[in-house]
Amino acid sequence: MQREKVINALITLLLVVMPLWAWWADEPFILTLLTKVAIFALAGVGLNIALGLGGLVSFGHAVFFGVGGYAMGILASHAQSYSPIMEIPFLIEGTKSMPVIWLVAIISSALAALLVGALSLRTSGVYFIMITLAFGQMFFYFTISWPAYGGEDGLLIYTRNHFPGMNTLDPIQFLIICYAILGVVLYFSARLAKSAFGLALNGARQNTERVLTVGIDTFRLRLVAFIISGAITGLAGALFADLNRFVSPSMFTWQTSGEIMVFIILGGVARLYGPVAGAALFVFLEYVLGDLSDYWHIYLGLLLLLVVLFARGGLIGLLAGREVAHD
Amino acid sequence: MSLLMLEEVTAFYDSAQALFGVSLEVAEGEVVALLGRNGMGKSTTIKAICRILHHHDGRIYFDGTDLGNFASHRAARLGLGLVPEGRRCFSNLSVMENLTAAARKGEWDFQRVVQLFPQLKERRDQLAASLSGGEQQMLAIGRALMTNPRLLLLDEATEGLAPVIRQEIWAAISQLKNESGMAILVVDKSLKELATVADRAVILEKGSSVWEGSFEALTYDVTNRHLEV
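Residues numbered from 1 in each chain as written. Chains lettered and ligands numbered in written order. Predicted model: local features only at pLDDT ≥ 70, side-chain atom pairs only at ≥ 80, totals over all residues. Heavy atoms only, no water.

Caption draft 1: Summary view of the overall build of chain A. In terms of helices and strands, chain A carries 13 helices and two strands. For 327 residues, the compact-globule formula gives about 20 Å, and the C-alpha radius of gyration of chain A, at 19 Å, lands near that figure. Considering only C-alpha atoms, chain A reaches an extent of 55 × 50 × 40 Å along its principal axes. With 327 residues in all, chain A has 52% of them scored as buried. When the accessible surface of chain A is summed, it comes to about 14700 Å², and 70% of that surface belongs to carbon and sulfur atoms. (Helix = DSSP H or I, 4+ residues; strand = E, 2+ residues; numbered from the N terminus. Rg over C-alpha atoms; globule rule 2.2 N^0.38 Å. Buried < 20%, exposed > 50% of the residue type's maximum accessible area, 1.4 Å probe, protein only. Areas by Shrake-Rupley, 256 points an atom, 1.4 Å probe, with all protein chains shown as cover.)

And the structure:
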């Protein structure tokens, strides 16, 4: 445990030092890569609440990532075209304000998680995986057939959204925003894991019956966890859309769900910094191996295979030992 | 009125009938021993009371409430505290975390639990998986107490423990009875120790309650007929 805290501190230090170096060396591309790491890590922290704490193997978290992305895309596209989203029965206009967009992304992805969770959590095991996967595909095909918001081509946002007092087009400033959100969510996630709610969720993953017999409704427990998880992933989706200034149905694909899961498996399931380490490794491999070959996913697959076979606690587990997390 | 009352309860595991008519009562503050040879339905009865296994016929009342349609978490919230057979603590949580996960408001909190089991205070940050069998049993009882139950159900709480640890568990059960006045339904095979805490006994045979009476009335003839292997 102590070792894991040291490793977490080192990762934090590395995440602070690298942008400072990139900023000093005038390497905006590195800053963008680090922003991507922070956003992917945020999505991973979201899924880690459902998967790591709750043992819910969701293959549908792309739904929430995409809903968050489209919340940003729809609001920003209406703001840039000066056309209201709706006029009847009341006027709703678009916005370029990041805080408002985040709030909408969190609420809409939480509602999507409520819908998906309320139906899928009545099942377990492979059925749960298949239902969450099916929801992802439903949302994917829905956005493809939604011409008002770009259909298959997606939506292009011309400028990055605004945050009061900051120039979000400056890579370092946008990175600071993403880091700050990641920091807050990591703190929240750590507190949640040690709260009575988080401990009961952890207990329910080990033995549902035991948790029921202490008077806790495990369905409701898991549903709340799933909603929190979805809301965080939705926020990551909104930031990802802002980073790229583009949203498309590809955010809803099962590959996106798989990638978010890969961040956690690479970094360490149920480890606080697992998604951060996993996302960093993923982006690093994408950058390094992507330069070598278009088929870099083959090497990623090989690495994933090695991690699952020989380092089931992921990167953090490999370095810190396996005493806290479940593998 | 009885705190817990079972009337001719029958239950099945899929198509296999396990209980054929169990009747028993536990009053407030009373300790009742549920006895019987292996496979006679003691644990099944506990499961039916806790709604882990839904009964088929008969009635189960807790404090006058018919538990017929209750899910197990709702039954537990009425005041049923289960210490399951085999302990089954949350292995990757610490002692403190195991207790916190189950905690509900009431007079039983961490301080009170560690007064009953001081060993748990020393082990508070240790993972449950790394505890000895006796300590895990104390933790399982502590976890049930943290729910502030009105009726504690102990299913084979001393099974597989060293004699010295068993004495500690029996001393704790005795303390629970004398100091908190908690009603307890206890499944165990140690008649000698049960005699020190139990007010009454109910004997199950082939899934039915066949004998009920005060512990003093549990004569050699009765035990020989229903409990000897």
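The discussion continues.
Caption draft 2: How the structure looks around the interface of chain B and chain A. Chain B puts 22 residues into the contact, and the matching count from chain A is 21 residues. Summed over both partners, the interface of chain B with chain A buries about 1800 Å², with 57% contributed by carbon and sulfur atoms. Summed over the three residues of chain B that lose the most area to chain A, namely His73, Phe90 and Asn92 of chain B, the buried surface amounts to 31% of that side. For the pair chain B and chain A, the interface holds one salt bridge. Glu97 of chain B serves as the salt-bridge partner of Lys194 of chain A, at 2.6 Å between the closest nitrogen and oxygen. At the junction of chain B and chain A, the tally comes to five residue pairs in polar contact (both at pLDDT 80 or more). (Contact = heavy atoms within 4.5 Å. Buried area = accessible area lost by both parts, 1.4 Å probe. Salt bridge = Lys/Arg side-chain N within 4 Å of Asp/Glu carboxyl O. Polar contact = N/O pair within 3.5 Å; in protein donor to acceptor, adjacent residues only side chain to side chain.)

Caption draft 3: Region of the structure containing the pattern of salt bridges. Residues and elements named next belong to chain A. In this structure the tally under the stated criterion is 15 salt bridges over all chains. Residue Glu4 pairs with Arg271 through a salt bridge whose shortest N-O separation is 2.9 Å. Of this pair, Glu4 sits in helix 1 (residues 2–24) while Arg271 sits in the loop between helix 10 (254–267) and helix 11 (274–292); the two residues are 267 residues apart in sequence, bridging distant segments of the chain. Classification of Arg271 as buried rests on a relative accessible area of 1%.

Caption draft 4: How the structure looks around the nonpolar core. Residue and element names in this part refer to chain A. Ile11, Leu42, Trp102, Ile181 and Phe226 are the most contacted members of the largest nonpolar core, which has 103 residues in total. Of all the elements, helix 2 (residues 28–53) adds the most residues to this core, at 17 residues. Discounting residues that sit within four places of it in the chain, Trp102 has contacts with Phe163, Ile177, Ile181, Leu235, Ala238 and Leu239. (Core = buried A, V, L, I, M, F, W, Y, C linked by side-chain atoms within 4.5 Å.)

Caption draft 5: Looking closely at the packing of helix 11 of chain A against helix 12 (residues 297–310) of chain A. Residues and elements named next belong to chain A. Interaxial distance between helix 11 and helix 12 falls to 10 Å at its minimum, and their mutual angle equals 145°. As helix 11 packs across helix 12, the resulting crossing turns out to be right-handed. Residues Leu281, Phe282, Leu285 and Leu289 of helix 11 lie in contact with helix 12, whose contacting residues are Tyr299, Leu300 and Leu303. (Axes fitted to C-alpha atoms, helices over the stretch in contact; angles between N-to-C directions. Left-handed = near helix turned anticlockwise from the far one by under 90°.)

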